[in-house]
Amino acid sequence: MPLRRSGLFLSIFFVFVTCQVQQPPHVVIIVADDLGWNDVSYHDPVHQIPTPNIDALGLNGVILNRHYSQQMCTPSRAALMTGKYPIKTGMQHFVIVQDEPWGLPLNEKILPEFFKDGGYETYMVGKWHLGFHKKEFTPLERGFDHHYGYWGSNIDYWTKFKALRNITPGLDFRNGADLEWNDDQYATESFTNVVKKYIREHDKTKPMLMVMNHLAPHSANPKDPLQAPEDEINKFSFISDINRRKHAAMVSLLDKSIGEVITELKKFEMLQNSVIVFMSDNGAPTTPPIELNPGSNYPLRGTKNTPWEAGVRVPAMIWSPLLQTKAKINNNLFHISDWLPTLLTAANISYNQSTLDGVNHWMELTQSPEIPSRNELLVNIDPIDDWSAVIKDNFKLVYKRNRDEMDNWLSSANVETALDDDLYSELVQKSEVFKALESQLTKEEILSLVKSTQVQCSSNEQKSCNFSDNFCLFNIQDDPCEFHDLGEKYPDQLKDLKKTLNEYKKLMVKPLNEEGDERRFFTPIVEHYYLRLFAKKKTYECGMKGRPQ
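In every chain, residue numbers begin from 1 and rise along the written sequence. Two thresholds apply to this predicted model, a pLDDT of at least 70 for residue-level local features and 80 or more for giving and counting side-chain atom pairs, whereas whole-chain, interface and lining totals are computed over all residues. With hydrogens and water excluded, all non-hydrogen atoms of the structure serve as input to the side-chain values.

1. Some remarks on the overall build of the chain
Right, so step 1: Scanning the chain from N- to C-terminus turns up 14 helices and 18 strands.
Right, so step 2: Working definition: with a 1.4 Å probe on protein chains only, accessible area under 20% of the residue-type maximum means buried, over 50% means exposed, and in between means partly exposed. Burial status across the chain gives 60% buried among its 549 residues.
Right, so step 3: Throughout, a contact is declared for two residues whenever any of their heavy atoms are within 4.5 Å. Counting only contacts in the chain whose residues sit at least 6 apart along the sequence, the fraction spanning at least 24 positions is 73%.
Right, so step 4: For the accessible areas, the method is Shrake-Rupley and the probe is 1.4 Å, while residue cover comes only from the protein chains on display. Total accessible area computed for the chain in this model is approximately 22,300 Å², and 51% of it derives from carbon and sulfur atoms. Strands here mean DSSP runs of E at least two residues long; helices mean DSSP runs of H or I at least four residues long; both are numbered from the N terminus.

Written out as C-alpha cells, the structure is:
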C-alpha cells in the first residue's frame, strides 16, 4: 500500500512538473502602421532611419523577406484575425471610415477567441479598425479580455482626437469600454507603458496573447499629420526634408518601444517562453492624397492601396527560442493570414485548416526552412477599384484597369547617408533587444545578414502595362521591382495565372463597405464616439509637453 501511494504521488508530481514545463508560449504580435519597406534600417543600404531593436529581433530570429500583408489597414487586420483572405469576409476594399456602419462579420471566429479557448489571457493595445458602429463589433466583444487604445483608423498622437469630415473632432481613445480622457502622453509611449504594465501584472501561471497595434508611423490628423516630440525630431537634423525628418522620429520611437517591451518580457521571465512577431500592416503611403506620410518603399514599385510590391510586401519577422532553424533569412512566400494557423500550432491550439486560407508555417520555421509551406498567394481582388493580383511560384500577375502616379517607382528618399556600416552594426549590438536576447552576433555577421535582405533590382527599362486587357506578368523572384512585363514572353504562365485569379473570383463575397452618415454618431449606440461637445470637457493645447510648438 505505501508503495502504491508513493507511486501515485510520483505520478501526480510528474504530471504537475510536465504541465509546468509544457506551458504554452506567450504570444506577442506587434504591428506597425504604414511602415515602408525601406523605413527599417536592415532593408536600407544607408540605414537612414536606424531601427536597431527591430533589426536585432529579426537578425536573431527569422526575417520573413517575402511577407505579404494586404494593401490597407482594415483588410490586413481582417486577414490577421481570421486567417482568411479578405475576399472571403467582405473586407477587401479600402478601410472602415468612422461614420460607416459595417465591420468584420460576427460569425467569424477570430484570433483572440481561439487563444481564449486555449486558456490564454488576451490583451490588445492600440488600433482596432475592424468595426465599432455597434458594441458587439468592438474588441472586448470579440475575444479580447483587455483593450487600451482606439477603434478607428488613426488619431492625434497627443490629444487622441480623430477628425472626421465636417464633424467637430472627437475623442477616440478607450481603456476597456470607457473613454479615456486623462492620457496626454505621446501615443507610442502611452501604448508601450500600458503593455509593460500588462506584462508586470499578468498572472504568470497563464499564457498571454498580446496584440500591440501601434499608431506609428501612420499620420495623425490632416492639419498636423506628422507628430513627434521635438527632441526626437532634432536627432535627425541631418535629413534636410522636414517631413521625412519627422517621420524618422516617429519610426525611431516605434523602434524604442519594441526594445522596451522585449526588455520587460525578459525582466519578468516571460521572454524565454515567448513567440514574438513583428510586421507592418501594409506599405508606406508615399503619394498624397492617400496619407501625408513621407515613408519609403524604395526600391519597390507603387505605394499603399495598390497591388504592387510596395503596397503589400512589408517588413516582418519572428523570434522565439522555439525556433531551431539556423536560416535567419526566409525568402519563401508568407501571407498575413498565415499567422493564425502558425501561431495556433505553436500554442498547441486546435483549428480547422479546411476553413482557412492561411497556411501553417510552424514546421518550416522550426525545422525545415528549405521546404516552402505555400507556393501560391492571392494578393487581393478589389472589385470596386477594379484591380487584382496573384502570385504563383516565381510569377506575379497584376490586373489594374485604372493607372495613376501610385503605380510608379519612388526615387530614394535617402539623399543623405545616415550611418556607415560599422556604426550601424554597433548600434544593433548596443540595442535593448540585442542585450535582452543575449545575442552573440558579430558585426560581420550582422552586415552579411542585412545585405542578404536587401532587394536588388535589374535595369529599369520597363515595358508599361498598357496592353489591351490591363494585365501584367512579372517574374517576381528575378524582378522584384516589377520593371519587366513578361506577358508576351510567357503566354502559358499568363494564361495559368489568369485562370487561378478567376477561380479566386468565384469564391469572393461582395465588399461590405457602406456609405457613411455623420448623423449615425448621434444614435444611442455610438453617440459616445464624438463627445467633445456633450461630455466631460478637457482642453488640449498645442504646447503640450514634448510637442513641437
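So that's the structure; there's more coming.
2. Section: the state of the cysteines
A covalent bond bridging the sulfur atoms of two cysteines is what the word disulfide describes.
Right, so step 1: When two cysteine sulfur atoms lie within 2.5 Å, the pair is treated as a disulfide. For the structure on display, the rule yields one disulfide.
Right, so step 2: One disulfide bridge connects cysteine 457 with cysteine 481, the sulfur atoms lying 1.5 Å from each other. A residue pair is termed long-range when its members are at least 10 positions apart, and cysteine 457 in the loop between α13 (443–453) and β18 (471–475) and cysteine 481 in the loop between β18 and α14 (491–506) qualify at 24 residues.

3. Regarding the sheet that holds strand β8 (residues 174–175)
Sheet strands pair by backbone hydrogen bonding; their relative direction is either parallel or antiparallel.
Right, so step 1: If you walk across this open sheet you meet the 10 strands as β9-β8-β5-β4-β10-β1-β11-β12-β2-β13, and the pairing is mixed. Here the strands that pair on one side only, and so sit at the sheet edges, are β9 (178–179) and β13 (329–330).
Right, so step 2: Pairing analysis gives seven bridges linking strand β1 (residues 26–32) to strand β11 (residues 274–280), with the strands arranged parallel. Looking at the pairing, histidine 26 lines up with serine 274 of β11.
Right, so step 3: Most of the contacts of helix α5 (residues 187–201) go to strand β5 (residues 146–150), to which it runs at about 175°, and overall it touches β4 (121–127), β5 and β10 (208–213). Two strands qualify as a pair provided DSSP detects at least 2 bridges between them. Orientation is described by lines fitted to C-alpha atoms, with helices fitted over the stretch in contact, and by angles between N-to-C directions that extend from 0 to 180 degrees.

4. Things to note about the pairing of β18
In the case of a regular strand, side chains alternate between the two sheet surfaces.
Right, so step 1: Within β18, five of the five residues are buried, which leaves it mostly tucked inside the rest of the structure.
Right, so step 2: Burial along β18 is two-sided: Phe471, Leu473 and Asn475 and Cys472 and Phe474, pointing in opposite directions, are all buried.
Right, so step 3: Bridge count for strand β17 (residues 395–400) against β18 is five bridges, and the pairing is antiparallel. Of the residues in β18, the one forming a bridge with tyrosine 399 is phenylalanine 471.

5. A closer look at the nonpolar core
Right, so step 1: Residues enter a nonpolar core if they are buried and are Ala, Val, Leu, Ile, Met, Phe, Trp, Tyr or Cys, with the set joined through side-chain atoms within 4.5 Å. If you look at the biggest cluster of nonpolar residues, it comprises 69 residues, and the most contacted ones within it are Tyr157, Ile262, Leu265 and Phe278.
Right, so step 2: Counting residues per element, this core draws most heavily on helix α7 (residues 242–267), which supplies 10 residues.
Right, so step 3: Other than its neighbours up to four places away in sequence, isoleucine 262 contacts Leu57, Leu271, Ile276, Val433, Ala436 and Leu437.
Right, so step 4: With 44 residues, the next largest nonpolar core counts Val31, Met279, Leu323 and Ile349 among its residues.

6. What about empty space enclosed by the protein?
Right, so step 1: A cavity, in this analysis, means grid points on a 1 Å lattice covering only the protein atoms where a 1.4 Å probe fits yet has no way out; a pocket is instead an open set bounded by protein on both sides within 12 Å along at least five of seven lines, and a residue lines either one if it has an atom within 4 Å of a point. Grid points are joined across faces, edges and corners, and a volume is the space filled by probe spheres set on the points. This model, assessed by the stated rule, comprises one cavity of 30 Å³ or more.
Right, so step 2: If you add up the space inside the largest cavity, you get close to 60 Å³.
Right, so step 3: The element best represented in the lining of the largest cavity is helix α3 (residues 73–82), accounting for three residues.
Right, so step 4: In this classification, Asp, Glu, Lys and Arg are treated as charged, Ala, Val, Leu, Ile, Met, Phe, Trp, Tyr, Cys and Pro as nonpolar, and every other residue, Gly included, as polar. Of the residues in the lining of the largest cavity, the class split is seven nonpolar, one polar and two charged.

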